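Single-letter residue listing:
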Protein chains: 2
Amino acid sequence: MDKDKIDKKDHILDVAERVFSDMGFDGASTRMISGEAGVNMAMLNYYFGSKEGLFLAVFDRKISSFQDLLHNLGIDDTISSWAKVESYIDIYSNRVVNNNCFQKLLYQEMSINRRTDLSDKIHAMLMTSVLELYKMLQEGIDNGEFKADSDLQMVVATIYGTKNFMINTPLLASSMLGYDILDEKIIEEKLKPRLKKYLKTLLKSYLLNDNEHTN
Amino acid sequence: MDKDKIDKKDHILDVAERVFSDMGFDGASTRMISGEAGVNMAMLNYYFGSKEGLFLAVFDRKISSFQDLLHNLGIDDTISSWAKVESYIDIYSNRVVNNNCFQKLLYQEMSINRRTDLSDKIHAMLMTSVLELYKMLQEGIDNGEFKADSDLQMVVATIYGTKNFMINTPLLASSMLGYDILDEKIIEEKLKPRLKKYLKTLLKSYLLNDNEHTN
DNA sequence: CAAAATTAATCAATCGTTTGATTAATTTAA
DNA sequence: TTAAATTAATCAAACGATTGATTAATTTTG
């Protein structure tokens with residue numbers, strides 16, 4: 001039925017998302033994806049037109065939820081700028097970990113220099129997220145909550161970069177942290193809270209004016 | 001002669017390094033590399049055995065200088081732990097920027113889940129660098145210079161992650177920072193000093209005990 | 001039945017690699 | 001020193017395999 005068709009397309013997208021992020025766009029073959037998804041190879045083209053179409057479909061499926069996240073942030077004007085940043089870190093850390101294979105895919109393609117039409121799309125998507133965070137930080141400076149000489153753009157780079165280091169190089173991060181950060185349970189119980197606590201402590205002492213140190 | 005042969009192999013490696021980091025391992029074809037290098041396609045196999053052999057040769061050429069960097073660090077016991085970290089940031093920021101295309105290649109391959117023999121090699125190489133920095137930080141805690149509850153592994157992730165964000169997604173970083181960080185001159189005059197200053201300020205307030213705030 | 005979904009078979013193109021032949025450089029032999 | 005023998009470097013051409021994509025036939029569905 002219609003339901004089954006949507007489910008099947010969604011199933012293909014699930015598999016494609018994982019295979020793409022594991023092997024990269026070029027490393028992932030359509031036979032591999034269709035094989036793991038348990039569908040005929042021609043179905044990929046039937047549904048998505050082409051390999052690149054499938055790739056784009058994986059992205060399109062995520063974009064909406066991506067923008068939902070951003071919309072609900074920065075709305076509440078009753079809380080302090082630092083509280084906003086803290087909640088951004090919370091939400092972002094949660095997302096990151098639950099969508100790690102998509103996140104990986106995202107930055108993997110951003111680091112390739114060709115396929116400009118696609119990377120433009122990714123670029124725009126990421127910039128929306130980046131600017132939202134930046135705006136939040138700038139507000140903190142404007143209202144005197146944050147140090148005026150804070151390098152906000154670098155702060156953004158640190159939040160995204162620290163997260164990416166975990167997501168994009170999980171093997172390296174695992175042997176560094178001493179536990180397998182690909183394990184779902186460990187992610188939930190250890191990595192998430194640790195990442196949140198660390199980023200908050202790190203940025204608090206960097207951003208906040210000294211007279212604001214009221215914990 | 002012998003000189004020319006070495007130069008030619010080196011020239012191929014130069015080109016391969018750039019093409020690989022631009023297109024990824026799978027995206028870069030041997031025809032493309034040999035074409036840009038201006039040599040016959042068969043020469044790649046003649047010199048390096050295979051595409052993967054060429055890829056490994058690109059790495060091998062860099063490893064030695066990578067380890068030289070680490071060796072000269074942490075030797076001087078007369079300076080404080082924080083001074084060591086500062087000089088690590090300096091050296092690392094310099095390297096990073098000058099070898100950005102290799103650095104990109106490095107982390108690009110680390111984010112792919114297959115080719116385990118190769119990624120093992122990269123993994124080992126990076127871990128050496130990571131552990132050296134970590135040891136340095138741990139010393140700072142042991143001698144009471146750094147806060148005892150500092151999350152050192154996360155600090156490593158921040159240093160590497162912030163740098164990677166610049167190197168691996170230069171387009172995103174450029175439109176965020178407002179200038180083209182692929183431009184050699186801008187890298188030297190703006191990105192380098194900015195990255196150094198930021199990382200030092202950020203980590204200083206996070207790592208150092210308050211009674212050490214003498215600067 | 002007609003439309004949509006699914007399949008197996010096939011397509012041209014490109015992949016990394018290998019081949020046999022040719023040229024250039026070096027070494028050996030007389 | 002010269003000629004012969006050997007080695008190294010380079011090339012165009014072709015290899016089999018795999019790629020993404022398409023076709024035409026078949027099955028399923030409404």
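Everything below is about the structure printed above this text.
Remember, predicted model here, so these are calculated numbers, not experimental data.

Next up on the list: the protein's contact with DNA strand C. In the vicinity of DNA strand C there are 17 residues, among which Tyr46 and Tyr47 of chain A together with Arg31, Met41 and Lys51 of chain B approach most closely. In DNA strand C, atoms within 4 Å of the protein come from the sugar-phosphate backbone in 55% of cases. One of the side-chain nitrogen or oxygen atoms of Tyr46 of chain A is found 2.8 Å away from a phosphate oxygen of DNA strand C. With respect to DNA strand C, the backbone of Ala28 of chain B contributes an N or O atom lying 3.3 Å from a phosphate oxygen. At the level of elements, helix 1 (2-27) and helix 3 (41-48) of chain A together with helix 2 (30-37) and helix 3 (41-48) of chain B are the ones that each hand at least two residues to the surface near DNA strand C. In terms of residue count, the dominant contributor to the surface near DNA strand C is helix 3 of chain A (four residues).

On to the pattern of salt bridges, then. All names here are of chain A. Summed over the entire model, instances satisfying the criterion amount to 19 salt bridges over all chains. A salt bridge links Lys135 to Glu132; the shortest N-O distance between them is 3.8 Å. In this pair, Lys135 and Glu132 both sit in helix 7 (residues 116-142), three residues apart, roughly one turn of the helix. According to the relative accessible area criterion, Lys135 is partly exposed, its value standing at 46%.

A few words on the interface of chain B and chain A. Each partner contributes to the interface: chain B provides 47 residues, whereas chain A provides 47 residues. Note on chain B versus chain A: buried area summed over both sides is about 4,200 Å², and carbon and sulfur give 68% of it. Considering only the surface of chain B that becomes buried against chain A, Met154, Met176 and Tyr198 of chain B emerge as the three largest contributors, covering 16% of it. The interface formed by chain B and chain A includes two salt bridges. In this structure, the salt-bridge partner of Asp151 of chain A is Arg194 of chain B, at a minimum N-O distance of 2.8 Å.

What counts, and where the lines are drawn
- Each chain carries its own residue numbering, running from 1 in the written order of its sequence.
- Chain letters and ligand numbers both follow the written order, the letters beginning at A and the numbers at 1.
- Where local features are concerned, this predicted model is filtered to residues with pLDDT of at least 70; where side-chain atom pairs are given and counted, the filter is 80 or more; whole-chain, interface and lining totals use all residues.
- Neither water nor hydrogens contribute to the side-chain values; these are computed over all heavy atoms in the structure.
- Throughout this document, a residue counts as near a molecule or strand when at least one of its heavy atoms sits within 4 Å of that molecule or strand.
- In protein, a polar contact means a hydrogen-donor-capable atom and an acceptor-capable atom, both N or O and within 3.5 Å, with residues adjacent in sequence counting only if both atoms are side-chain atoms; elsewhere, any N or O pair within 3.5 Å suffices.
- Helix and strand labels come from DSSP, where a helix needs a run of H or I of at least four residues and a strand needs a run of E of at least two; each type is numbered from the N terminus.
- Whenever a carboxyl oxygen of Asp or Glu lies within 4 Å of a side-chain nitrogen of Lys or Arg, that contact is scored as a salt bridge.
- Burial classification: accessible surface area is computed with a 1.4 Å probe over protein chains only, and a residue below 20% of its type maximum counts as buried, one above 50% as exposed, and the rest as partly exposed.
- When checking whether two residues touch, look at their non-hydrogen atoms; a contact exists if any pair is within 4.5 Å.
- Buried area: the accessible surface (1.4 Å probe) lost by two parts on joining, summed over both.

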